[in-house]
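A structural walkthrough
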Amino acid sequence: MSDIEQTNVGFSYYFGGRQARIDIEYPFPECTRFTWTTTTLNEIRDCVDYGSAHWFGGPEQWEQLWPVQKLAKINYPMLTRAADNMAVADRYWLSSEGTYIFVDPDVPLFIDSNTTENPNQLCFVARSNDPYYAINQLMLRYTICSFPDVRAAQAHAVVNMFGYSGSIPDELMFRQPIWSTWARYKKDINESTVLQFAQEIIDNGFGNSQLEIDDDWETCYGELAFNTEKFPNAKGMVDNLHQLGFRVTLWVHPFVNINCQIYAQALQNGYFVRNLQGSAHTEWWNGKDAAIIDVTNPAARTWWANRLITLKNEVGLDGYKFDAGESVGFLPQLPVLQNSESQSDFSRAYSEFINEILPNIGSAVELRSIYKNQKAPLFLRMIDKDTRWGLNNGLRSVVTTLLQMSTVGYPFVLADMIGGNGYGNDELTPELFIRWLQASTFMPSLQFSYVPWQFHDPTVVEISRKFVDLHSNYSDWIISAANTAAQGGLPINTPICFAPSDSYDERACAVDDEYMLGDRILVAPVMEPNATSRDVYLPKGVWRDMNTDILYNGPLLMTNYSAPLDTLPYFLNMNIVSSSNNIVPTLLLLAAALIFTFYLK
């Protein structure tokens, strides 16, 4: 039995002798918010049936399956963390049929997806277990909103749940490639290497937005001082690069290794994250004994900002590449953070810190971890991709990660380095390099480290230049889409079922290897080895093949579309149809809420 009370904003229901309570509110005409609370139960679990719809959003993953109903997880904490490449963990899921679900950030949230107990379901579980803090009253709050189509649902979420930036990142990073030392040279860098790299770029006829000096330039990780044995005249090197037409950025991170001179002072001043036991010790890929700067602490932020600004001014830098920033796996557990609802707030504070100091460090900036900060006009880089073809963090996952990041409200996606990072025994072939470049061509930005001329094949250089030029030629389109996203519109790149239409296209929503640029360009890259053709799905509308000028009427599945190594299949939407702006009545929204089943334990 349950008791019912009416409130100013909705209703409250009590269950199980008042062991649990659910409050129902209506924050928007299209939306219902459910809040479960209990002081006696160990867990609250609510499940949604994936049904026949396709679902988008969810966390960034090492194996970025798409649509996300393919994801199989159990007892999976929704926090940013180093494992699984989970640098983005915003709690948003969008149905192809126009319903979205947003789970509040203060919920100690675990998810189960496609488990044995709950097949074809996504379960939201509130539980105050590690890596969350113990709390007296357990709470699970989520909002369900229902709209006529997926575009309308996403547009509502952007304005009312995420927020938007109002401006775009550095424009040159959209137009010209970023060149990084990392994948090609790893830690084997010095002044002569960097200058030679720049000269090669010029000699081979490629433009640039900036040259990024990556790992192993410091005397000690976190010291923010150039190693003078490798870089005897850092300012002179930067001046030379400026004269060659390059802006210069530097790889940085929030860690300080224990052997650095500044470690003791920073520890004494309380600038590092400590755990509940008072220890600041942590580890990361470049240090087993380290600490991490507490970007939730205003004093620590000021200290780090001043050091970054000083280095920028002394050397003449144009910006920074901010690495790491995830919470679980890098923070000492369980961390004590200021003004935080969960560990993910470290990632939020990290991105806020970068955005705050942007006017003082230069505009050529990127980061890789973020949370609940869609208002930041920053390029968000995918975590390092591996040099392989598949969804297992290879080329195929570049497109699905693009779609994941864009759907959860981060439109300024930087697709990591063309060809991947070359870890372990991975081998970069000319074919994989070219197909990777093609797949990235209509994404917001291009980033190289491996270079077209390393294969000693003029054809590879010629094809690469063709697609770098194609990206540059369409950069006005990309920037226009970026400005639309910055003003609360749809992302720069979306799933193809976001293409404007007057009817639902289930088949388009299942596609995981194509994407849109704005409303006009559909991109279908070849992402399989030894392939010279692929199937292409075109949604409803008239589409112009930009390789042949032939017009096609969609919906249409084109089988064995010819795409030799120098060809990227892409199509122009010739007759955009405006989507409906009708509002779903509240009674229909309540009906949509019935897709949930509730469990109390």
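Treat the numbers as computed from the prediction; the structure is a model and nothing was measured.

Before going further, it helps to spend a moment on the environment of E200. As for its placement among the helices and strands, E200 is situated in helix α4 (residues 191–203). Given the relative accessible area of 16%, E200 is considered buried. In this structure, E200 is in contact with R184 and W453, ignoring residues within four places of it in sequence.

What follows deals with the UniProt feature "domain: Glycosyl hydrolase family 31 C-terminal" (unreviewed entry) in the protein chain. The positions UniProt marks with the feature "domain: Glycosyl hydrolase family 31 C-terminal" (unreviewed entry) are residues 489–573. Annotated as 5% helix and 44% strand, the span residues 489–573 places its first and last C-alpha atoms 19 Å apart.

All right, on to the nonpolar core then. Formed by 203 residues in total, the largest nonpolar core has its most connected members in Y100 and F322. Non-local contacts of F322, meaning those with residues more than four positions away in its chain, are made with V252, W304, L308, Y350, I354, I357, I361, V365, E366, L367 and R368.

Let's shift gears to the sheet that holds strand β18 (residues 282–284). Pairing is antiparallel across the open sheet formed by 3 strands, whose spatial order is β16-β19-β18. Only two strands of the sheet have a single neighbouring strand rather than two, namely β16 (255–257) and β18. Strand-to-strand, the axes of this sheet are offset by a mean angle of 55 degrees, without reference to chain direction. Two strands pair when backbone bridges link them, and β16 and strand β19 (residues 287–292) are joined in this way by 3 bridges, in the antiparallel orientation. By the bridge assignment, F255 is partnered in β19 with I292.

Bridge count between strand β29 (residues 533–545) and strand β30 (residues 551–562): 9 bridges; the pairing is antiparallel. Its bridge partner being in β30, R534 is matched across the sheet by Y561. Of the pairings in the sheet, the one linking β29 to strand β31 (residues 570–573) comprises 3 bridges and is antiparallel in character. Along β31, the bridge assignment pairs R544 with L572.

So, about the sheet that holds strand β28 (residues 521–523). Here 6 strands make up an open sheet; going across it, the order is β26-β27-β28-β31-β29-β30 and the pairing antiparallel. Two strands close off the open sheet at either side, each with one partner strand: β26 (493–494) and β30. Note that strand β27 (residues 515–517) and β28 share 3 bridges and pair antiparallel. When the bridges of β28 are listed, Y515 appears paired with V523.

Moving on: the pattern of salt bridges. Across all of its chains, the model carries 35 salt bridges by this definition. One salt bridge connects R175 with E171, and the closest N-O pair in it is separated by 3.1 Å. Note that R175 and E171 are positioned in helix α2 (residues 171–175) at a spacing of 4 residues, about one turn of the helix. R175 sits in the partly exposed class, given a relative accessible area of 24%.

Here we take up the side chain of S180. When you line up the elements, S180 lands in strand β13 (residues 178–180). From its side chain, S180 meets the backbone nitrogen of W182 in a polar contact 3.2 Å long. Residues in contact with S180, not counting those within four places in the same chain, are F197, E212, D214, M417, Q447, F448 and S449.

For the structure shown, the criterion picks out 3 disulfides. What pairs with C220 in a disulfide is C260, and their sulfur atoms sit 2.0 Å apart. Measuring the twist about the S-S bond at about -95 degrees, one finds the C220-C260 disulfide to be left-handed. Residue C220 is located in the loop between β14 (210–213) and α5 (234–243), and its partner C260 is located in the loop between β16 and α6 (263–268); the two are separated by 40 residues in the primary sequence. Since its relative accessible area comes to 11%, C220 is described here as buried. Judged by its relative accessible area of 5%, C260 falls in the buried class. Listing the disulfide partners of the protein chain by sequence rank of the bonded cysteines yields 1-4, 2-3, 5-6.

Thresholds applied
Residues numbered from 1 in each chain as written. Predicted model: local features only at pLDDT ≥ 70, side-chain atom pairs only at ≥ 80, totals over all residues. Heavy atoms only, no water. Helix = DSSP H or I, 4+ residues; strand = E, 2+ residues; numbered from the N terminus. Buried < 20%, exposed > 50% of the residue type's maximum accessible area, 1.4 Å probe, protein only. Contact = heavy atoms within 4.5 Å. UniProt positions renumbered as here; feature names shortened; annotations may be inferred. Core = buried A, V, L, I, M, F, W, Y, C linked by side-chain atoms within 4.5 Å. Pairing = 2+ DSSP bridges. Axes fitted to C-alpha atoms, helices over the stretch in contact; angles between N-to-C directions. Salt bridge = Lys/Arg side-chain N within 4 Å of Asp/Glu carboxyl O. Polar contact = N/O pair within 3.5 Å; in protein donor to acceptor, adjacent residues only side chain to side chain. Disulfide = S-S within 2.5 Å.

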